[in-house]
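Descriptive analysis of the structure
What follows is the residue order along each chain.
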Amino acid sequence: GFERTVSYGKYKALEKYESDPKSGEIQIMVANRFMVEVSGSGAAFDVLKAGAQKIDLKKLAALKPGAAK
């Protein structure tokens, strides 16, 4: 397994993965306001990474305070 810091675009992230039992998580900090987490078990790390890459982080970063009312 591994634990490492990486970037998803311009956003810092932490990737953790255990080869046995094939479980892990990706935490991405967006605009110093949101923490996005993708986690799963029973799957290869590439599956988790593909899921994280489908999230529109730029759109999330563009949200203005109070927009979720």
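Everything below is about the structure shown above.
The present account deals with the structure reproduced in this document. (Residues numbered from 1 in each chain as written. Predicted model: local features only at pLDDT ≥ 70, side-chain atom pairs only at ≥ 80, totals over all residues. Heavy atoms only, no water.)

Considering the nonpolar core
- In terms of nonpolar packing, the biggest core is built from 14 residues, with Tyr8, Ile26, Ile28, Val30 and Leu57 touching the most fellow members.
- For this core, the secondary structure elements donating two or more residues are strand E2 (11–18), strand E3 (23–30), strand E4 (34–41), helix H1 (45–53) and helix H2 (57–62).
- When residues no more than four places from it in sequence are discounted, the contact partners of Ile28 are Tyr8, Tyr11, Lys12, Ala13, Phe34, Met35, Val36, Ala52 and Leu57. (Core = buried A, V, L, I, M, F, W, Y, C linked by side-chain atoms within 4.5 Å. Buried < 20%, exposed > 50% of the residue type's maximum accessible area, 1.4 Å probe, protein only. Helix = DSSP H or I, 4+ residues; strand = E, 2+ residues; numbered from the N terminus. Contact = heavy atoms within 4.5 Å.)

Digging into the pattern of salt bridges
- The full count for this structure, using the stated rule, is two salt bridges.
- Note that Arg4 is salt-bridged to Glu15, the shortest N-O span being 2.7 Å. Residue Arg4 is located in strand E1 (residues 2–8), and its partner Glu15 is located in strand E2; the two are separated by eleven residues in the primary sequence.
- On the basis of relative accessibility, which here comes to 36%, the residue Arg4 falls in the partly exposed class.
- Measuring nitrogen to oxygen at the nearest pair gives 3.9 Å for the salt bridge that ties Glu25 to Lys16. (Salt bridge = Lys/Arg side-chain N within 4 Å of Asp/Glu carboxyl O.)

Considering the side chain of Glu25
- Within the secondary structure, Glu25 is located in strand E3.
- Side-chain polar atoms of Glu25 contact the side chain of Gln27, separated by 3.2 Å.
- When near neighbours in sequence (up to four residues on either side) are disregarded, Glu25 contacts Leu14, Glu15, Lys16, Glu37, Val38, Ser39 and Leu48. (Polar contact = N/O pair within 3.5 Å; in protein donor to acceptor, adjacent residues only side chain to side chain.)

Overview of the side chain of Glu15
- Classification of Glu15 by relative accessible area gives buried; the value is 1%.
- Within polar-contact distance, the side chain of Glu15 engages the side chain of Arg4 at 2.7 Å.
- Side chain to side chain, Glu15 and Tyr8 meet in a polar contact 2.6 Å long.

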